[in-house]
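# Fold and contact review
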Amino acid sequence: MTEETFQPKIIGFLCNWCSYRAADLAGTARMKYEPNVRIIRVMCSGRVDPSFILKALSMGADGVMIAGCHPGECHYLEQNYKTMRRFSMLKHTLRAMGIEDERVRLQWASAAEGGVLAKAINEMVEQVRSLGPLNWSEHWSENGRIEESIGNLLQEHEEAMEVPA
Amino acid sequence: MSEKGKLALYWGASCGGCEIAVLGIDDKILQVADAFDIVFWPVAVDAKVRSIEKMEDKSIDLCLFNGAIRTSEQEYMARLLRQKSKVLVAFGSCAHEGCIPGLANMTDKEAIFQTAYHDTPSTHNPDDVRPQTETEVAEGTLTLPYFYETVKTLDQTIDVDYYLPGCPPEPERIWDALTAILTNQLPPPGTVIGETTTVCDVCPREREEKKIKEFKRTWEIIPDPDKCLLDQGIICCGIATRAGCGALCPTVGSPCIGCYGPNEGVEDFGARMMSALASVIDSDDPAEIDRIIQEGIPDPMGSFYRFSMAHGELRRVAPISGNGKPGEPA
């Protein structure tokens, strides 16, 4: 086996009215782009709560893309401005958590911009690929030391002197 | 034998405030003593772990467990008490969501040991001795619990039946919980015993539509005594925090810091804060938004995850290299 290139798992939250249609357009126009983005259609990029992104990262995603209508063109008037503000807030917090900027991306793509979305996806996949896997839940594993230590404790209790009741 | 129930109280990584909070129910503690035999409560009663180990499974009627889990010994005790208890309550913010001990997840074991056993001015440790899980001495092997890299909440460790939030829980809520248990009117398992609304709903301050141009820190302004603190630009966590405290802090002019934990339906307290605060920023210009956020919220972790770091989706920051600071993003 040759050494395989790392295939990042990226979750894409695409808005129903612009970006999901951009992805459709990219498809019908037979544009080639990296297959690493798992797309979840949401009604509006404003629907994407920061907790969705945190959850995706904690559950094994290497990156998250949020894509929506351009500012001023939101189907729901101004919800993508909220997306913009939430995204800024989230990035500020993710930086403090030590998560690289490139792992979370906000992309505006109208229904006519299949090429823009495809290019953004290619770019992001390349960036995340060079960062490597995130493997977030590994950070909680304690390298399997827990059971060993509890075993030691039990053994100690076995060996300890009986305390009369 | 008496027909009293059996009650156990234990603590993990916590400050001890929850133990005192139990006594906050005042003379009602006597009713608790009428209803229960206290079989285990290291703070107040002399009982041995070995005697708990020898009890039948599920023979303790109620266990109130406060504190987070950061050592293997605490994990062992949590598992043991789970095995022996019919009803186990995560008592207080540490057990519920990690609380202040959970902020250790901003750093790691190596950095904590470096501070505790080396850097602190009162430490004299020329041989740089650090705690070891096993040490050989002439008499045999001495062991210490394993210290975790990442502090866990109680329900990340064992199954928890109920949660009693708060740092510490308010006496009225403790009594509500004890009454529910004493009268066998228990809510469905998994319930957080508290209200299902936010601190804002019980806060007496007047709210208007929020439009924030600038976040302010508490020392920067003297807040208007009647108006919503967040309306005045002070980051108040009442919007995401479960009611149950009676809005004690905002009532006296101090912003809510979120000690009562996330409101019903909120998984990640910090995400809810980020989402809510971002929505009320009064700007559509990306550069200005960035400036408002970066200048106004210099410490997002402290502002959004003070009590819920270990309970958040990510549980911790990226591992660091031992310098006590989170790794710089590449």
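Residues numbered from 1 in each chain as written. Chains lettered and ligands numbered in written order. Predicted model: local features only at pLDDT ≥ 70, side-chain atom pairs only at ≥ 80, totals over all residues.

### Description of the overall build of chain B
Let me state the cut-off plainly: By the criteria applied, helices consist of DSSP H or I runs no shorter than four residues and strands consist of E runs no shorter than two, each listed in order from the N terminus. C-alpha atoms define the radius of gyration, and 2.2 Å times the number of residues to the power 0.38 defines the globule rule. Any residue with 12 or fewer other C-beta atoms within 10 Å of its own C-beta is exposed, any with 20 or more is buried, and the rest are partly exposed; the C-beta atoms used are placed from the backbone. Placing C-beta atoms from the backbone, we regard two residues as in contact once those atoms come within 7 Å.
Across its full length, chain B carries 13 helices and 9 strands. Taking 2.2 N^0.38 as the reference for a compact globule, 330 residues should give roughly 20 Å; the C-alpha atoms of chain B span a radius of gyration of 22 Å, in line with that estimate. The C-alpha extent of chain B, read off along each of the three principal axes, is 70 × 55 × 30 Å. The 330 residues of chain B split such that 45% are buried. Intrachain contacts of chain B at a sequence separation of at least 6 include 73% that bridge at least 24 residues.

### A word on the confidence of the model for chain B
Detail in the predicted coordinates should be disregarded across regions flagged by low pLDDT. Residue and element names in this part refer to chain B. Our working definition: Looking at any residue, its pLDDT shows the predictor's confidence there, from 0 to 100.
Of the residues in chain B, 96% have a pLDDT of 70 or more, and the chain-wide mean is 92. For chain B, the element scoring lowest by mean pLDDT is strand β7 (residues 140-143), at 85; helix α5 (residues 93-97) scores highest, at 97. Here residues 322-330 scores under 50 on pLDDT; set against residues more than four positions off or in separate chains, the count is 26 contacts. Two summary scores accompany this predicted model of the complex, namely pTM at 0.91 and ipTM at 0.90.

### Some words on the sheet that holds strand β3 (residues 60-66) of chain B
All names here are of chain B. Quick note on the threshold: Whether two strands pair depends on DSSP finding at least two bridges between them. Throughout, an axis means a line fitted to C-alpha atoms (over the contacting stretch in the case of helices), and angles, computed between N-to-C directions, take values from 0 to 180 degrees.
Judged by pairing direction, the sheet is parallel, and its 5 strands sit side by side in the order β2-β1-β3-β5-β9 without closing on themselves. Sheet topology places β2 (36-40) and β9 (162-164) at the edges, where each strand pairs with a single neighbour. Looking at each pair of strands side by side, their axes are set apart by 25 degrees on average, direction ignored. In terms of strand pairing, strand β1 (residues 5-11) meets β2 through 4 bridges, oriented parallel. Across the sheet, the residue bridging to Lys6 is Asp37, located in β2.

### Thoughts on the domain arrangement of chain B
One widely used convention gives an interface's size as the accessible area the parts lose upon coming together. Residues and elements named next belong to chain B. Under the convention used in this document: Boundary definitions for the domains trace back to an automatic or database domain assignment. Only Asp, Glu, Lys and Arg are considered charged, only Ala, Val, Leu, Ile, Met, Phe, Trp, Tyr, Cys and Pro nonpolar, and every remaining residue, Gly among them, polar.
As assigned here, chain B comprises domain 1 (5-101 + 151-182) and domain 2 (199-304). Averaged C-alpha coordinates put domain 1 and domain 2 at centres separated by 32 Å. Across the boundary between the two partners, domain 1 contributes 8 residues, which contact 6 residues of domain 2. The greatest single-element share of the side of domain 1 that touches domain 2, amounting to 3 residues, is contributed by α5. Residue composition of the side of domain 1 that touches domain 2, by class: 2 nonpolar, 3 polar and 3 charged.

### Here's the deal with the sheet that holds strand β4 (residues 104-108) of chain A
Residue and element names in this part refer to chain A. An order of β2-β1-β3-β4 is seen for the 4 strands of this open sheet, with the pairing classed as parallel. Both edges of this open sheet fall to β2 (37-42) and β4, since each of them pairs with a single strand only. Taken over all neighbouring pairs, the strand axes of this sheet differ in orientation by 20 degrees on average, direction set aside. In terms of strand pairing, strand β1 (residues 10-15) meets β2 through 6 bridges, oriented parallel. Each residue of the ladder has a partner; that of Leu14, found in β2, is Arg41. Where helix α3 (residues 79-96) meets the sheet, its contacts fall on β3 (63-68) and β4, and the angle it forms with β4 comes to roughly 160 degrees. Relative to the sheet, helix α4 (residues 114-131) contacts β1, β2, β3 and β4, its axis offset from that of β3 by approximately 165 degrees.

### Observations concerning the interface of chain A and chain B
The interface is formed by 39 residues belonging to chain A together with 46 residues belonging to chain B. Elements supplying a minimum of two residues to the side of chain A that touches chain B: α2 (50-58), α3 and α5 (145-159) of chain A. In terms of residues, the side of chain A that touches chain B owes the most to one element, α3 of chain A, which gives 12 residues. Along the lines of polarity and charge, the residues of the side of chain A that touches chain B split into 18 nonpolar, 10 polar and 11 charged.

### Quick notes on the nonpolar core
Where we set the bar: In this description, a nonpolar core means buried residues of the types Ala, Val, Leu, Ile, Met, Phe, Trp, Tyr and Cys, linked to one another by C-beta atoms lying within 7 Å.
Leu57 and Val64 of chain A together with Cys63, Phe65 and Val89 of chain B are the most contacted members of the largest nonpolar core, which totals 135 residues. Composition of this core by domain shows at least three residues from each of domain 1 (5-101 + 151-182) and domain 2 (199-304) of chain B. The contacts of Cys63 of chain B, once residues within four sequence positions are left out, are Ala8, Tyr10, Leu81, Ser85, Leu88 and Val89 of chain B.

### Here we look at the packing of α2 of chain A against helix α11 (residues 269-279) of chain B
For any two helices packed against each other, one specifies the crossing angle of their axes together with the interaxial distance. Axis separation between α2 of chain A and α11 of chain B bottoms out at 8 Å; the angle between their running directions is 145 degrees. Counted together, Pro50, Ser51 and Leu54 of chain A of α2 of chain A and Ala271, Met274 and Ser275 of chain B of α11 of chain B form the full contact between these two elements. Looking at side-chain class alone, the contact of α2 of chain A with α11 of chain B contains 4 nonpolar, 2 polar and no charged residues.

### A few points about unusual backbone geometry
All names here are of chain B. With an omega of -10 degrees, the peptide bond between Cys167 and Pro168 qualifies as cis. Following the sequence through the fold, Pro168 ends up in the loop between β9 and α8 (171-182). One non-glycine residue with positive phi stands out, namely Lys58, at about 60 degrees. Relative to the elements of secondary structure, Lys58 occurs in the loop between α3 (49-53) and β3. By C-beta crowding, Lys58 is classed as exposed, having 12 other C-beta atoms within 10 Å. The phi angle at Cys99 is positive, at roughly 50 degrees, despite the residue not being glycine. Here Cys99 shows up in helix α6 (residues 99-102). Assessed through the 33 C-beta atoms surrounding it within 10 Å, Cys99 is described here as buried.

### Brief notes about α5 of chain A
The line we're drawing: Helix span, expected: 1.5 Å multiplied by one less than the number of residues in the helix. Directions pointing from the helix axis toward each C-beta atom define the arc.
In this model, α5 of chain A (15 residues) spans 21 Å end to end at C-alpha, consistent with the 21 Å of a helix rising 1.5 Å per residue. Taken together, the buried positions of α5 of chain A are occupied by Ser149, Asn152 and Leu153 of chain A. What you see down the axis of α5 of chain A is that its buried residues fit within an arc of 95 degrees, all on one side. Along α5 of chain A, the residues that are exposed and aim more than 90 degrees away from the buried face are Glu147, Gly151, Gln155 and Glu158 of chain A. The secondary structure elements touched by the buried residues of α5 of chain A are α4 (72-84) and β7 of chain B.

### Quick look at the pairing of β4 of chain A
Residue and element names in this part refer to chain A. Our working definition: Here is how to tell: hold the view so the strands point away, follow the path from the first strand over the helix to the second, and if it runs clockwise the crossover is right-handed.
For β4, a buried count of 5 out of 5 residues is recorded, marking the element as mostly surrounded by other parts of the structure. Neither face of β4 is exposed, since Val104, Leu106 and Trp108 on one face and Arg105 and Gln107 on the opposite face are all buried. Sheet analysis places β3 next to β4, joined by 5 bridges and oriented parallel. Looking at β4, one finds that Ile66 is bridged to Leu106. After leaving β3, the chain enters α3 and then returns to the sheet as β4, a path that is right-handed.

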